[in-house]
Amino acid sequence: FVRSRGRFIRSAQQRFLERAACAPKLEKYENGEPFRLMGREVSLKVERGEKNAVSFDGSCLRLSVKDPGDREKRKKLAEGYLNQKCRIVFGGIMAEILPDFRDYGISMPVLRVRSMRTRWGSCSPAKGAITLNRRLLEAPRSCIEYVVMHELIISSCRTLSISVKAVTAKAVRF
């Protein structure tokens, strides 16, 4: 299959890399810096505050910091918020999709979130864990749902030694 579709796969990979290069992401953690969150472009607002705090109003991630010039503190606050948001969003989606797998006896896997260079997610059926790429939070909800569904399907097939087609046919609701 891979050999017969090699040209298409390489072309799709190249398009993906080009799109990813154009997508704004946090790098400098400076005031006004754009980035993506759940498929939408939002901006970072940095302001002086009495205490370090983070809030999100739907279009702007606000960092209140004692010293707005401290890049490491801005980065730590933003990353902490985004990691927490990943756990909430990814965990919620996983909880919504998991009932589709009740026939296969799959229980709620441990959710791990980390930065990955080349994957959106991976699963470890033996450990009962699914790891999702933190950058997946930049994608629209439907993409996150797809990756979670994919990892649950692969996990259930590896655990029960059944075909991916059989699980997909029964679980797909999109």
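See above for the structure.
Quantities reported herein were computed from a predicted structural model and do not represent experimental measurements.

(A) Quick peek at helix α2 (residues 71–97). Taking 1.5 Å of rise per residue, 27 residues should cover 39 Å, and α2 covers 38 Å from first to last C-alpha, within 8% of that figure. By the N-cap criterion, in which a side-chain oxygen at the helix start approaches the backbone nitrogen of a residue two or three places on, α2 is capped by Asp-70, the distance to Glu-72 being 3.2 Å.

(B) Main features of the pattern of salt bridges. Scanning the entire structure with this criterion turns up seven salt bridges. In this structure, Glu-79 and Arg-134 form a salt bridge, with 3.1 Å as the shortest nitrogen-oxygen distance. Here the residue Glu-79 occupies a position in helix α2, and Arg-134 occupies one in the loop between β7 (129–133) and α3 (141–160), the gap between them amounting to 55 residues. Its relative accessible area of 16% is what places Arg-134 among the buried residues. Close ionic contact of Glu-96 with Arg-141 constitutes a salt bridge, the shortest N to O distance being 2.5 Å. Linking Glu-96 in helix α2 with Arg-141 in helix α3, this pair joins segments that are 45 residues apart in sequence. Classification of Glu-96 by relative accessible area gives partly exposed; the value is 42%. One network of salt bridges, in which partners are shared, links Glu-47, Asp-57 and Arg-62.

(C) Summary view of the environment of Val-148. With respect to the helices, strands and loops of the structure, Val-148 is situated in helix α3. Taking relative accessible area as the criterion, Val-148 reaches 1% and is therefore assigned buried. Sequence-wise, Val-148 and Gly-121 are 27 residues apart; in three dimensions their C-alpha atoms are separated by 7.9 Å.

(D) Looking closely at the sheet that holds β7. Taken together, three strands build an open sheet; the order of strands is β5-β7-β6 and the sheet is mixed. Strands at the two margins of the open sheet, each flanked by one partner only, are β5 (110–114) and β6 (121–124). Neighbouring strand axes in the sheet, compared pairwise and without regard to direction, differ in orientation by 20° on average. Pairing geometry for β6 and β7, over four bridges, is antiparallel.

(E) Main features of the sheet that holds strand β3 (residues 53–56). Strand order in the open sheet formed by four strands is β1-β2-β4-β3, and the pairing between neighbours is mixed. Here the strands that pair on one side only, and so sit at the sheet edges, are β1 (34–37) and β3. This sheet shows a mean twist of 30° between the axes of neighbouring strands, independent of strand direction. Two elements, β3 and strand β4 (residues 60–65), share four bridges in a ladder whose sense is antiparallel. Directly across from Phe-56, in β4, lies its bridge partner Leu-61. The sheet strands contacting α2 are β1, β2 (40–48), β3 and β4, and the helix crosses β4 at an angle near 135°.

(F) Structural view of the environment of Val-110. Examined against the element boundaries, Val-110 turns out to sit in strand β5. Remark: the alpha-carbon pair of Val-110 and Ser-124, spanning 14 residues in sequence, is separated by 9.6 Å. Excluding anything up to four places from it in sequence, Val-110 contacts Gly-128, Ala-129 and Ile-130.

What counts and what doesn't
- The residue numbering used here restarts from 1 in each chain and proceeds along that chain's sequence as written.
- Given that the model is predicted, a residue must reach a pLDDT of at least 70 before its local features are reported, and side-chain atom pairs must reach 80 or more before they are shown or counted; all residues, however, enter totals for whole chains, interfaces and linings.
- Side-chain metrics in this entry use all non-hydrogen atoms of the structure; hydrogen atoms and water are not considered.
- Each helix is a run of H or I in the DSSP string that is no shorter than four residues. Each strand is a run of E no shorter than two, and both are numbered from the N terminus.
- One less than the number of residues in a helix, times 1.5 Å, gives the span that helix is expected to have.
- Throughout this description, a polar contact denotes any pair of N or O atoms lying within 3.5 Å of each other; where both atoms belong to protein, one of them has to be capable of donating a hydrogen while the other can accept it, and for residues adjacent in sequence the pair is counted only when both atoms sit in side chains.
- Salt bridge, as used here: a side-chain nitrogen of Lys or Arg that lies within 4 Å of a carboxyl oxygen of Asp or Glu.
- Buried residues are those whose accessible area, probed at 1.4 Å on protein chains only, stays under 20% of the maximum for their type, while exposed residues exceed 50% and partly exposed ones sit between those limits.
- Criterion used throughout: strands pair if DSSP finds at least two bridges between them.
- As a rule, the C-alpha atoms of each element are fitted with a line to give its axis, helices using only the stretch in contact, and angles between N-to-C directions run from 0 to 180 degrees.
- We call two residues in contact when some of their heavy atoms are within 4.5 Å.

Coordinates in, geometry out; function isn't part of it.
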